[in-house]
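Spelled out, the chains give:
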Amino acid sequence: MEIKVPAVGESITEALVAKWHKLDGERVEKDEIICEIETDKITLEINADAAGTLAVRVGEGETVQIGAVIGTIDEKGAAEQVSGPAKPSGPEKEKTEPQPPLSPAVRKMAQEKGIKAETIKGSGKGGRVTVDDLLKQQPEPSPQPTLFVRSEEPAPYQTAEESRITRKKMTPIRRKIAERLLAARQQTAMLTTFNEADMGKIMELRRQHKEHFQKKFGMTLGLMPFFIKACIDALREFPMVNARIDGDEIVQQHFYDMGIAIGGEKGLVVPVIRDADRLTLVEMEKKIRSLVEQVENNRLSLEDLTGGTFTISNGGVYGSMLSTPILNPPQSGVLGMHAIQDRPVARDGQVVIRPMMYLALSYDHRIIDGREAVGFLKRVKEYVEDPEEMLLEG
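Anyway, here's the lowdown on the structure attached to this text.

**Focus on the overall build of the chain**
Next up, step 1: A count of helical and extended segments in the chain gives 11 helices and 19 strands.
Next up, step 2: By residue count, 39% of the 394 residues in the chain fall in the buried class.
Next up, step 3: The long-range fraction of contacts in the chain, counting pairs at least 24 apart against all pairs at least 6 apart in sequence, stands at 63%.
Next up, step 4: Working note: accessible area of the chain is about 23700 Å², and carbon and sulfur atoms make up 50% of it.

Structure below.
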């Protein structure tokens, strides 16, 4: 049975073999996870369609086309393994049984250590040689070279620079991120405007209702739902920030699919919360937590990443004080949140210490004028500073 790279989407033509969960020659069970592949959008797990013995054809780190065969499962070999080999009789007893195939990791280590793996009695399943077996062995001593005679070819010369760097190929996801970021710079007239918001009322609101939320919903309410709500209300007042350019046309979108930038192990992804204007703050928080968990476990689907009318990025979770968020084409706007810091500000003619956050709106100047961008960000600031007004209106 062949193991093929499945079709993921029309725009995806290749994938990277990221990780084999089973070794070459190892037995696998039906529906067991045997391999992970990465595309430029998501990570997928491949399950065994049948029980049998795995034969790996494509190693980790190699890129293949969609539909390519990366391995096979020998169902017949598995059946023989379950029933057990027939016991040899007579002169056949003296014949040496063939050694099971070596896994790629064992084969590589044996070459590096100069050990002949075929001479080792394996402790793994079916007598298979394992990495532990190799670690217990000592490499065969090489013959001592005679005077003035070179016993082996010299190691290739390595420059000082080469010895201080490591090169590795970009993963499909990282390549796609790089392409999109470069396209955002080259294909849009991106500009950023800034403001700051007093986070005191939201922080007090969260503090007052913290125990209630914990008891009723089993979680605390984060800042992101408030900003999603504030952005949606501001987008209703400034619809061009929610629009996009398609060729020589402006497409106004009368729905609010909010992209939330989440940093994962393999890079930044922007899953989308569909029709966020129909959700309560609690439902938004639950959805955000679910998306974060999916990102951490590589469980996002293509549907989770496609679309989106506006994006919010919270660099404050990493300690960022101020930044210029980059657009997520074809969207025309992205809001950047930052770390909350106690700063001196003027209130009613007096200097007071307040928890302040810098806000940044990057926008495509081809479709959004400066007046609209500044007005949008100012409205977000007002909603955040007076959350009761926002919640009463919504």
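**Concerning helix α7 (residues 224-237)**
Next up, step 1: For α7, spanning 14 residues, the distance from its first C-alpha to its last is 20 Å, which sits close to the expected 20 Å at 1.5 Å a residue.
Next up, step 2: Within α7, 12 of the 14 residues are buried, leaving the element largely enclosed by the surrounding structure.
Next up, step 3: Burial in α7 covers these residues: Met224, Pro225, Phe226, Phe227, Ile228, Lys229, Ala230, Cys231, Ile232, Asp233, Ala234 and Leu235.

**Some words on the pattern of salt bridges**
Next up, step 1: Scanning the entire structure with this criterion turns up 20 salt bridges.
Next up, step 2: We note a salt bridge from Arg379 to Glu237, for which the minimum N-O separation is 2.9 Å. With Arg379 in helix α10 (residues 370-385) and Glu237 in helix α7, the pair connects residues that are 142 residues apart, well separated along the chain.
Next up, step 3: Its relative accessible area of 16% is what places Arg379 among the buried residues.
Next up, step 4: Glu237 gets classed as partly exposed once you look at its relative accessible area, which sits at 40%.
Next up, step 5: Between Glu385 and Lys381 there is a salt bridge, with the nearest N and O atoms lying 3.0 Å from each other. Of this pair, Glu385 and Lys381 both sit in helix α10, 4 residues apart, roughly one helical turn.

**Structural notes on the nonpolar core**
Next up, step 1: Counting residues in hydrophobic clusters, the biggest one holds 52 residues, and the most contacted among them are Ile228, Met258, Phe310, Ile312, Phe376 and Val380.
Next up, step 2: Here this core takes 9 residues from α7, the largest share from any one element.

What counts, and at which threshold
- Residues numbered from 1 in each chain as written.
- Predicted model: local features only at pLDDT ≥ 70, side-chain atom pairs only at ≥ 80, totals over all residues.
- Heavy atoms only, no water.
- Helix = DSSP H or I, 4+ residues; strand = E, 2+ residues; numbered from the N terminus.
- Buried < 20%, exposed > 50% of the residue type's maximum accessible area, 1.4 Å probe, protein only.
- Contact = heavy atoms within 4.5 Å.
- Areas by Shrake-Rupley, 256 points an atom, 1.4 Å probe, with all protein chains shown as cover.
- Expected span 1.5 Å × (residues − 1).
- Salt bridge = Lys/Arg side-chain N within 4 Å of Asp/Glu carboxyl O.
- Core = buried A, V, L, I, M, F, W, Y, C linked by side-chain atoms within 4.5 Å.

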